[in-house]
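Remarks on the overall topology
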Amino acid sequence: MSSSDTMEKLVSLAKRRGYVFQSSEIYGGTGSVWDYGPLGIELKRNVKELWWSRMVHQRDDVEGLDAAILMHPRVWEASGHVEGFTDPLVECKACKKRFRQDTLADQACGRKPSVTPGEDAACELGEPRLFNLMFRTFMGPVEDAAHTIYLRPETAQGSYVNFLNVQTAARQKVPFGIAQIGKAFRNEITPGNFIFRTREFEQAEMQFFVEPGTDDEWFDRWLEERMAWHLSLGIREDRLRIHEHGPGELAHYAKKAVDIEYLFPFGWKELEGVHNRTDFDLRRHEEFSGKRLQYIDSGGGKRFLPYVVETAVGVDRTVLVLLTDAYREEEVEGEERVVLGLHPRVAPIKAAIFPLVKKDGLPEIAARLARELREAAIPSFYDESGSIGRRYRRQDEAGTPWCVTVDGQTAEDGTVTIRDRDSLEQVRIDASHLEGWIRERLR
Ligand code: ATP
């Protein structure tokens with residue numbers, strides 16, 4: 001299967017099953033913005049909850065924060081985003097399209113998509129111009145430069161400006177971290193590949209504040225921890241790798257940067273970045289705000305500006321990795337089937353409950369079982385329509401790990417069969433043990 005075939009199939013499955021829809025589709029769609037449907041939002045919430053649980057709840061050295069999207073405009077001057085968060089663009093006078101100068105070879109001419117911009121004699125590429133990726137708007141009724149405000153392009157700055165607030169309120173000592181999950185906005189020039197690069201997206205970022213000199217060691221620890229997290233979601237190990245940025249690739253604030261990359265259908269691409277940002281951000285905020293952001297160690301009397309190790313993962317990009325990694329087509333029992341082999345922990349629906357036939361009281365038993373699971377906070381789905389085979393196939397595509405069938409024997413001895421999505425094995429257990437059986441496998 002070619003990479004565009006795979007992506008096309010994924011986009012179509014995502015729409016069909018209610019994972020992801022194009023934003024404002026009935027109006028022809030909005031450029032590179034997507035909406036999450038009933039199953040998509042569950043998958044995304046599971047990703048965020050697993051991240052939060054591991055990064056915040058299971059540790060005593062990371063605190064949560066939810067900073068606002070709109071921040072004081074000086075924040076973005078201090079961070080370097082007003083000045084430096086830019087891509088050089090070239091405009092073609094012939095087709096009126098703008099292209100990123102650094103990736104011209106990957107783009108298509110506006111009039112002749114079979115060639116790259118500049119390749120055709122009729123192309124008229126202009127001089128490169130810098131273009132800022134931040135979305136701009138105005139605060140209050142006056143639309144002038146003094147009221148300009150930005151939609152944040154990353155969540156990290158909210159953690160830096162709140163560093164001392166969090167540290168004192170939570171009575172933390174360095175080393176400690178601040179974690180946030182939230183929306184970020186970038187007016188990307190070349191968005192695309194479905195939800196890989198979009199203009200509105202969600203990030204899960206953690207800033208870990210450490211004493212200078214201990215930063216390299218913490219960097220290694222966090223990189224290892226983040227890799228372990230991706231594996232815990234069931235992502236295939238051979239499709240993950242790390243890529244260290246060379247001196248030419250490093251961002252202005254970074255001493256070291258390593259990307260955790262995934263092998264997407266369109267190649268190895270960044271999924272998460274782990275960065276040693278030194279004291280760049282805190283120092284700049286001290287400079288621009290005029291406020292001290294030093295950490296004072298109450299015990300030892302030390303004072304210093306901490307270094308920061310950042311872990312930054314895209315939530316939407318993780319969803320795309322999970323969908324890509326899980327997608328497979330295969331033949332079973334002489335029939336083609338499409339399966340989303342999602343790990344049970346991230347799967348939107350954990351169990352689908354079917355009555356074998358629509359009579360003899362089986363629907364009532366099955367509906368009751370589904371209700372009981374839902375009340376026990378296990379997302380479950382009742383389905384009585386179509387043949388059992390059809391019902392299995394629908395759940396295979398939706399990524400549901402277990403299908404539970406209520407049959408004649410259930411009415412007699414209270415047992416049900418559970419069919420495993422991947423191995424297709426069936427086991428028969430007492431219905432009263434169903435919740436425990438599922439819970440054990442979600443751990
Ligand atoms: P890229 O090189 O892909 O533009 P980046 O290095 O600018 O990404 P960071 O600023 O480090 O990315 O952001 C951290 C994470 O946020 C990325 O690893 C990615 O998962 C996610 N991310 C960044 N930009 C986008 C986007 N436009 N759409 C979706 N996710 C994004």
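Residues numbered from 1 in each chain as written. Predicted model: local features only at pLDDT ≥ 70, side-chain atom pairs only at ≥ 80, totals over all residues. Heavy atoms only, no water.

**Thoughts on the domain arrangement of the protein**
Counted only if it meets this: As used throughout, domain bounds are those supplied by an automatic or database domain assignment.
On domain assignment, one finds that the protein holds domain 1 (3-76 + 138-323), domain 2 (86-132) and domain 3 (349-442). On a C-alpha basis, the centres of domain 1 and domain 2 stand 30 Å from each other.

**Observations concerning the sheet that holds strand E3 (residues 62-64)**
Keep this limit in mind: Two strands pair if DSSP finds at least two bridges between them. Helix numbering and strand numbering both begin at the N terminus, where a helix is a DSSP run of H or I of at least 4 residues and a strand a DSSP run of E of at least 2. Lines fitted to C-alpha atoms define the axes, with helix axes restricted to the stretch in contact, and inter-axis angles between N-to-C directions lie between 0 and 180 degrees.
The strand order across the open sheet formed by 7 strands is E3-E9-E10-E16-E13-E12-E11, and the pairing between neighbours is mixed. The open sheet terminates on both sides in strands that have one partner only, identified here as E3 and strand E11 (240-244). Adjacent strand axes in the sheet meet at a mean angle of 25 degrees when their direction is disregarded.

**Some words on the layout of surface pockets**
What counts is decided by this rule: We place a 1 Å grid over just the protein atoms. Points where a 1.4 Å probe fits but has no way out form a cavity, open points with protein on both sides within 12 Å along at least 5 of 7 lines form a pocket, and any residue with an atom within 4 Å of a point lines it. Grid points are joined across faces, edges and corners, and a volume is the space filled by probe spheres set on the points. Polarity classes work like this: nonpolar for Ala, Val, Leu, Ile, Met, Phe, Trp, Tyr, Cys and Pro, charged for Asp, Glu, Lys and Arg, and polar for all others, with Gly in that last group.
In this structure, the second largest pocket occupies an estimated 350 Å³ of space. In terms of lining, the second largest pocket is formed by 15 residues, of which the most central are Asn46, Glu49, Arg345, Lys350 and Leu442. Counting residues per element, the ones that place at least two in the lining of the second largest pocket are helix H2 (38-57) and helix H13 (434-442). Looking at which element gives the most residues to the lining of the second largest pocket, the answer is H2, with 5 residues. Looking at the lining of the second largest pocket residue by residue, the class counts come to 8 nonpolar, 2 polar and 5 charged. Three or more residues apiece are contributed to the lining of the second largest pocket by two domains, here domain 1 (3-76 + 138-323) and domain 3 (349-442).

**With respect to the sheet that holds strand E5 (residues 98-100)**
Strand order in the open sheet made by the 3 strands is E5-E4-E6, with antiparallel pairing throughout. With one partner strand each, in any of the chains shown, E5 and strand E6 (129-132) form the two edges of the open sheet. Strand-to-strand twist in this sheet, taken as the mean axis angle between neighbours without regard to direction, amounts to 50 degrees. Across 3 bridges, the pairing between strand E4 (residues 86-91) and E5 is antiparallel. Note that in E5 the partner of Leu89 across the bridge is Arg100.

**Focus on the environment of Gly273**
Rules: Burial classes: relative accessible area under 20% of the type maximum marks a residue as buried, over 50% as exposed, and values in between as partly exposed (1.4 Å probe, protein chains only). Contacts: residue pairs with any heavy atoms within 4.5 Å of one another.
Tracing the chain through its elements places Gly273 in strand E13 (residues 267-278). We classify Gly273 as buried; its relative accessible area is 0%. Residues Gly273 and Thr311, 38 residues apart in the sequence, show an inter-C-alpha distance of 5.9 Å. Excluding residues that lie within four positions of it along the chain, Gly273 makes contacts with Val258, Asp259, Glu310, Thr311 and Ala312.

**Here's the deal with the site of the ligand**
Our working rule: Consider each residue's heavy atoms; a residue with any of them within 4 Å of a molecule or strand counts as near. Polar contacts, as used here, are pairs of N or O atoms within 3.5 Å; protein pairs need one atom able to donate a hydrogen and one able to accept it. Residues neighboring in sequence count only if both atoms are side-chain atoms. Only the protein chains shown count as cover for residues, and the accessible areas themselves come from Shrake-Rupley with a 1.4 Å probe.
The environment of the ligand is formed by 14 residues, the closest being Arg186, Glu188, Arg197, Thr198 and Glu270. Glu188 has a polar side-chain atom sitting 2.8 Å from a nitrogen atom of the ligand. Backbone polar atom of Leu271 to an oxygen atom of the ligand: 2.9 Å apart, as the coordinates give it. Within the complex, 83% of the 590 Å² of free accessible area of the ligand lies under protein. Those elements giving two or more residues to the shell around the ligand turn out to be strand E10 (200-210), E13 and strand E16 (307-314). Looking at the shell around the ligand, the element that brings in the most residues is E13, giving 4 residues. Here the shell around the ligand is built from residues that sort into 4 nonpolar, 4 polar and 6 charged.

**Points about the side chain of Asp297**
So the rule is basically this: Positive charges come from Lys and Arg alone, negative charges from Asp and Glu alone, with His and the N- and C-terminal ends not counted. Salt bridge criterion: a side-chain nitrogen from Lys or Arg within 4 Å of a carboxyl oxygen from Asp or Glu.
Checked against the element boundaries, Asp297 lands in the loop between strand E14 (295-296) and strand E15 (303-304). Buried within the structure, Asp297 lacks any salt-bridge partner; its nearest side chain of opposite charge belongs to Lys173, at an N-O separation of 4.3 Å.

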